[in-house]
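# A structural walkthrough
Residues per chain, in single letters:
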Amino acid sequence: MEIATHDPRPVSPTGRALRLAGLFAFMAGLFIADTLTDLEIAIGVLYVAVPLVAASFLPARAILLLSSLCLGLLLTSYELTTGGDPAAGPINRAISVIAVIAATVLVLRIRPAILAGIAAREQLARVARINMLGELTASIAHEVNQPLSAIANSGNAGLRWLDAQPPNLDKARQALARVVSDAERAASVIARVRSLARPVPPHREWLNALDTVEEIIALIRDELARNQVSLSIDNMEGMPPVLADKVQVQQVLLNLILNAVEAMGTTPPAERTLRITIGVAEGGRALFSVEDNGVGLATDNVEKLFDAFHTTKPDGMGIGLAVTRSIVETHGGKVWATANEEGGASFHFTLPTSRTDIP
């Protein structure tokens, strides 16, 4: 039997400690209940929950240790329990032991499949990000070229001020300050591109919803201008922070925005409008909406939009919206699409504003 020894999904040390503490508390409570309960009931069989839950955040060796501890608690409880049916006791104890062993073996056997599925999903998400960045090559080149050109101009200006007789040091300092500022601007563009392209584990943090949207808009602003798309962003005042992975949320926004721009390809340039709305949905979750006035949606096609390999584009792969749904649902939110009454389509997704909303 192949045993994978690494975690199926990266978990922060604090999150792992809290989950492990919860498991130990569950085991302790179950031990007490099993010890104080007459043996007519095989209450110890509930220990099977331990390896099943541990599989989501612990490596294989730790799961084996926890399962061994469960078996030890089972046998100790049997020795400490008094009363009950002498015939039923050993039978129920044997049932509990077999159930824990079977659950542990099952978990360890399916771990390679779980790990392979998670790796494939993360690779698919990375491919989707890279495909989207490929479509934005011209825009990214323009975003980087602007500060680089400004650096060259400011550097030449600084040299001229230094070569003057007498040298104008104040003007030279101003030129050098512009060089530093433009270099930082170019570095920030490159950092945003790298964060979208590189394979990084999910990292949830408290995000400002408007800032998250504006950062991805800054990356594709030239793409919007090239397609003559007018953009508006409506942000609700007092918007609570969002608990999510910044790179993944921006990937979702990037995909929906690019889809909207492509959908407006046949719309007259003067009428191409893209509207992004940030608000609060029912239940207090953050609500993001991307609305366009493009070709719209067929009513019989809305439910299939987020299925893997389903596409309405002649050269589409059908993975963009499937990855979008996977990301949003992993965060504990949901995504859906609606057809606009006056033409075009709207895509909506929610994200948690509280830790209790995360699955």
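Model, not experiment: these values are computed from the prediction. (Residues numbered from 1 in each chain as written. Predicted model: local features only at pLDDT ≥ 70, side-chain atom pairs only at ≥ 80, totals over all residues. Heavy atoms only, no water.)

The next thing to look at is the overall build of the chain. Broken down by element type, the chain carries nine helices and seven strands. Here the chain holds 359 residues, and the buried ones make up 40% of them. Restricting the contact set of the chain to residue pairs at least 6 apart, pairs at least 24 apart contribute 75%. Surface summary for the chain: the accessible area is close to 18900 Å², and the carbon and sulfur share equals 60%. (Helix = DSSP H or I, 4+ residues; strand = E, 2+ residues; numbered from the N terminus. Buried < 20%, exposed > 50% of the residue type's maximum accessible area, 1.4 Å probe, protein only. Contact = heavy atoms within 4.5 Å. Areas by Shrake-Rupley, 256 points an atom, 1.4 Å probe, with all protein chains shown as cover.)

Let us look at the pattern of salt bridges. On inspection of all chains with the given rule, the structure shows four salt bridges. Note that K246 and E215 form a salt bridge whose closest N and O atoms lie 2.9 Å from each other. Taken together, the residues K246 in helix α8 (residues 246–263) and E215 in helix α7 (residues 209–226) connect sequence positions 31 residues apart. The class for E215 is partly exposed, based on a relative accessible area of 28%. (Salt bridge = Lys/Arg side-chain N within 4 Å of Asp/Glu carboxyl O.)

Turning to the side chain of S346, a few remarks are in order. Relative to the assigned elements, S346 resides in strand β7 (residues 345–351). Judged by its relative accessible area of 4%, S346 is buried. Engagement of the side chain of S346 in a polar contact is seen with the side chain of N340, the distance being 2.7 Å. The residues touching S346, leaving out its near neighbours within four places in the chain, are V290, E291, W336, A337, T338 and N340. (Polar contact = N/O pair within 3.5 Å; in protein donor to acceptor, adjacent residues only side chain to side chain.)

Bringing the pairing of strand β6 (residues 335–339) into the picture now. For β6 and β7, the ladder comprises five bridges, and the chain directions are antiparallel. Note on β7: the bridge partner recorded for V335 is F349. Between β6 and β7, which pair antiparallel in sequence order, lie five residues; one of them, G343, sits at a positive phi of approximately 100°. (Pairing = 2+ DSSP bridges.)

Another point: the packing of helix α1 (residues 13–36) against helix α3 (residues 60–80). For the pair α1 and α3, interaxial distance at closest approach is 9 Å and the crossing angle is 20°. As the angle between them shows, α1 and α3 are arranged roughly parallel. Between α1 and α3 lies a crossing of right-handed hand. Across the interface between the two elements, L20, L23, F24, M27, F31, D34 and T35 from α1 touch L66, L69, C70, L73, L74, T76, S77 and L80 from α3. Its residues assigned to classes, the contact of α1 with α3 shows eleven nonpolar, three polar and one charged. (Axes fitted to C-alpha atoms, helices over the stretch in contact; angles between N-to-C directions. Parallel < 35°, antiparallel > 145°, perpendicular 65-115°, else oblique. Left-handed = near helix turned anticlockwise from the far one by under 90°. Nonpolar A, V, L, I, M, F, W, Y, C, P; charged D, E, K, R; others polar.)

So, about the sheet that holds β6. Pairing within the open sheet is mixed, and its five strands lie in the order β2-β4-β5-β7-β6. Among the strands making up the open sheet, the edge pair consists of β2 (230–235) and β6. In this sheet, neighbouring strand axes are inclined to one another by 15° on average, regardless of whether the strands run parallel or antiparallel. Sheet strands touched by α7: β2, β4 (273–280) and β5 (286–292). Its angle to β2, the strand with the most contacts, is close to 180°.

A general tendency of soluble globular proteins is for nonpolar side chains to be buried together. Of all hydrophobic cores here, the largest spans 39 residues; its most connected members are I257, L274, F288 and F349. Where this core is concerned, the elements lending two or more residues are α7, β3 (242–245), α8, β4, β5, α9 (320–330), β6 and β7. The contacts of L274, once residues within four sequence positions are left out, are L224, V229, S230, L231, S232, I257, A260, M264, V290 and E291. If you look at the next biggest cluster of nonpolar residues, it comprises 19 residues, including L30, I43, C70 and V107. (Core = buried A, V, L, I, M, F, W, Y, C linked by side-chain atoms within 4.5 Å.)

Further remarks concern unusual backbone geometry. The linkage connecting Q165 with the following residue, P166, adopts the cis geometry, with an omega of 0°. Within the secondary structure layout, P166 lies in the loop between α5 (137–163) and α6 (169–197).

Let us now look at the environment of A281. Note on placement: A281 falls in the loop between β4 and β5. Sequence separation of A281 and T350 is 69 residues, and the distance between their C-alpha atoms is 7.3 Å. Residues within four places of A281 in sequence aside, it is in contact with L287 and T350.

Moving on, we get to the packing of aromatic side chains. The geometry of two aromatic rings is summed up by the distance between their centres and the angle between their planes. In the structure shown here, the tally under the stated rule is one aromatic pair. Ring geometry for F288 and F349: centres 4.9 Å apart, planes at 5°, overall stacked. Of the two residues, F288 sits in strand β5 while F349 sits in strand β7, which places them 61 residues apart along the sequence. Each member of the pair, F288 as well as F349, carries the same accessibility label: buried. In this arrangement the basic side chain of K334 is found over the ring face of W336, its NZ or CZ atom lying 5.2 Å from the centre. (Phe/Tyr/Trp six-rings, centres within 6.5 Å; stacked < 30°, edge-to-face > 60°. Lys NZ or Arg CZ within 6 Å of the ring centre and 35° of its normal.)

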